[in-house]
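# Chain and residue survey
Below, each chain spelled out in residue letters.
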Amino acid sequence: MTLVLYLIFFQGRRLYLFLDQKWPLGGLIAYALAFLLIVLLGLGTWLYVYDKIRDMFLVRQLNQRGISGTAVVVGHEKDARGEEDQYYVFYQFSPDFVVKYQDETKTKSWYNLPKGTSLSIVFLEQKPEVNKLLELA
């Protein structure tokens, strides 16, 4: 890979950087680019895995320590900026906390609920932002 990067960027010309010994500058740059690529791929992979593990941990917390409750639909929003329209429903289960939930169902069953409809939810008492809607009956 280093040789390929060296050939692409420097096309065989030898540039020298004098440190303790002669090093081809192109080789150093190629090694630096390869190192940067490996670091970026590793960081991206780590962030992806971390996000998945965090989601699994939150779902487990909801299943083990979640409190069942009732929320009320307080609003709707349709966002038509992207290729496909996005549908959101706002529900509230605490006087000072409103959740914006993206409805990804084909029939837009959450979005089509009228304001004031009661919903069953599960949430964490210390972290109400960690919550999930239970299936519609």
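To keep things clear, this report deals only with the structure shown in the data block.

## So, the packing of aromatic side chains
For any pair of aromatic rings, geometry is given as the distance between the ring centres together with the angle between the planes. Across all of its chains, the model carries six aromatic pairs by this definition. Summarising the aromatic geometry, the rings of Y87 and Y111 are spaced 4.8 Å apart at their centres and angled 65° between planes, so their arrangement reads as edge-to-face. Note that Y87 is positioned in strand β4 (residues 86-94) and Y111 in the loop between β5 (97-103) and β6 (118-123), a separation of 24 residues in sequence. Considered together, Y87 and Y111 belong to a single accessibility category, that of buried residues. Note on F93 and F97: the rings are 5.7 Å apart at their centroids and 65° apart in plane angle, and the pair reads as edge-to-face. We classify F93 as buried; its relative accessible area is 17%. Each member of the aromatic cluster is reached from another via a ring pair, and the members are Y91, F93, F97 and F123. K100 extends its terminal NZ or CZ atom over the ring of Y88, reaching a point 4.4 Å from the ring centre.

## With respect to a nonpolar patch on the surface
On the surface, a cluster of nonpolar side chains totalling about 330 Å² of accessible area is made up of I29, L33, L36 and L40. Mapping L40 onto the fold places it in helix α2 (residues 25-65).

Rules used throughout
Residues numbered from 1 in each chain as written. Predicted model: local features only at pLDDT ≥ 70, side-chain atom pairs only at ≥ 80, totals over all residues. Heavy atoms only, no water. Phe/Tyr/Trp six-rings, centres within 6.5 Å; stacked < 30°, edge-to-face > 60°. Helix = DSSP H or I, 4+ residues; strand = E, 2+ residues; numbered from the N terminus. Buried < 20%, exposed > 50% of the residue type's maximum accessible area, 1.4 Å probe, protein only. Lys NZ or Arg CZ within 6 Å of the ring centre and 35° of its normal. Patch = residues over 30% accessible without salt bridge, like charges linked within 9 Å, V, L, I, M, F, W, Y side chains within 5 Å. Areas by Shrake-Rupley, 256 points an atom, 1.4 Å probe, with all protein chains shown as cover. Salt bridge = Lys/Arg side-chain N within 4 Å of Asp/Glu carboxyl O.

Function-wise, these values are silent; they only describe arrangement.
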